[in-house]
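# Chain and residue survey
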Amino acid sequence: MEQAFLEAYRAMGTTGKNPNVGCILVKNNFIIGRARTSPGGRPHAEENLISLMTETELKDSSLFITLEPCAHKGINGTSCAELISKSGIKEVFISNYDPDLRTSGQGLEILRKSKINIYPDFLTNKGIDFNIGYLTNCLSNRPFVTIKLAISLDGKIALNNKNSKWISNKLSRNFGHMIRAQSDGILTTTSTIIEDDSKLTCRLNGLEKYSPLKIIVDRGLKLNGDYSIFKNTKKENLIIYHCSNDKNKIKNYHKNIELVYFNNKKKFLELILNDLANRKIKNLLIESGTIFCSEMIKSNLVDQIVFFRSNKIIGNDGLPFINNLSLRKISDSKNMKVIDLKFFDDDIYELRRFN
Ligand SMILES: NC(=O)c1ccc[n+]([C@@H]2O[C@H](COP(=O)([O-])OP(=O)(O)OC[C@H]3O[C@@H](n4cnc5c(N)ncnc54)[C@H](OP(=O)(O)O)[C@@H]3O)[C@@H](O)[C@H]2O)c1
């Protein structure tokens, strides 16, 4: 199953509206096949695996899958659960149930009826880690939200004059681009576009095509400059969320983008996340400054933060990553547990999740 998780991990951010699933085929204690969901989401991992194997290899083998096989029919007119049940595979280990109502237990039922031995809940908790974007989308109607921040040794995200190029080193920045490729959407703000002229693309050789959907929160449609993000853009690649009623601004805004209007200012952030969930965004990355990070964290809409902590000391006049919280007791603080740590020369990659 650990190997199946690795396969799923390799497909992260590439499978469009579908979950990224990995599977492994084992026979006589050897791994004889491995596959993952194809780019774009089809064919599914199990379809890919079964199409690679011979009848003899499949007969009496054991299959490990990170998510319950689907019960709804694909382009070839059959579901993954049906494919498995006709394949000769004798037992199936599954890490997580699929909450998608088209499957949700029915995939297991198809396997059960065909007398295949099934072992659901196999390494479930680890599976939840790998499926977290998909599960959050299905169960909470919002994406799994990660903030990515380059911070100085003393916890600042920019100088007082708003300059933040480059707090972290090249290795950290490259890894940051990898995280972009693994995300389905990347969101920033008007202020950060104005300060940094961010392109929000993945600029790693060979992974450019996995750049996520770009999203800007521009409540008042203020972004009227010649920013890089608007160059060569297509309507399906860039969404602007706003709450402006100004018809002139709407008419004269940049073209080839999708403008989405929400009139409810109080629920604006939640509405954005709900809308992104409906577009099947599973993992959302936020790259913004102090004000927006603070708003998201205070509204409890952030699941985890990736810190790239550099070796630079910027001083107390730099911008913090979060504004004042005016706490009176330490016990009121928000706590984040460590999920992962890596060293990139003198930078430390620190992935932390809210408790
Ligand atoms: N080190 C890093 O990793 C990193 C990453 C990103 C940015 N930065 C730096 O951060 C600085 C910018 O930070 P900042 O604090 O000025 O800006 P910011 O946090 O990126 O964006 C602030 C803007 O977010 C919008 N906003 C605030 N509350 C909101 C809410 N409840 N709902 C929707 N939108 C809301 C407002 O824009 P409107 O009023 O126009 O709607 C506000 O002006 C720049 O210097 C940039 O270089 C650093």
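Residues numbered from 1 in each chain as written. Predicted model: local features only at pLDDT ≥ 70, side-chain atom pairs only at ≥ 80, totals over all residues.

### A look at the domain arrangement of the protein
Domain parsing of the protein yields domain 1 (2-135) and domain 2 (142-354). One C-alpha centre belongs to domain 1, the other to domain 2; they are set 33 Å apart. The interface of domain 1 with domain 2 comprises 7 residues on the first partner and 11 residues on the second. Residues of the side of domain 1 that touches domain 2, tallied by class, amount to 3 nonpolar, 3 polar and 1 charged. (Domains from an automatic or database assignment. Contact = placed C-beta atoms within 7 Å. Nonpolar A, V, L, I, M, F, W, Y, C, P; charged D, E, K, R; others polar.)

### Comments concerning the sheet that holds strand β13 (residues 304-309)
Spatially, β11-β10-β9-β8-β12-β6-β13-β16-β15 is the arrangement adopted by the 9 strands of the open sheet, whose pairing is mixed. The sheet is open, and its two borders are formed by β11 (258-261) and β15 (336-344), each paired with just one other strand. Ignoring strand direction, the axes of neighbouring strands in this sheet form an average angle of 20°. Relative to β11, strand β10 (residues 238-242) runs parallel, the two sharing 4 bridges. Paired with His 242 across the strands is Tyr 261, a residue of β11. (Pairing = 2+ DSSP bridges. Helix = DSSP H or I, 4+ residues; strand = E, 2+ residues; numbered from the N terminus. Axes fitted to C-alpha atoms, helices over the stretch in contact; angles between N-to-C directions.)

### Side note on helix α7 (residues 132-140)
Looking at α7, one finds that the buried residues are Gly 133, Tyr 134, Leu 135, Thr 136 and Asn 137. Its buried side turned inward, α7 meets α6 (124-130), β6 (144-151), α11 (268-278) and β12 (283-286). Asn 141, located one to two residues past α7, shows a positive phi value of around 50°. (Buried ≥ 20, exposed ≤ 12 C-beta atoms within 10 Å, placed from the backbone.)

### Brief notes about the site of the ligand
For the ligand, the set of nearby residues contains 27 residues, the closest of which are Lys 162, Thr 189, Ser 191, Arg 219 and Gly 289. Elements with a minimum of two residues in the shell around the ligand: β6, β7 (156-158), α9 (190-196), α11 and α12 (290-298). Tallying contributions element by element places α9 first for the shell around the ligand, with 5 residues. For the shell around the ligand, a count of residues per class yields 11 nonpolar, 9 polar and 7 charged. (Near = placed C-beta within 6 Å.)

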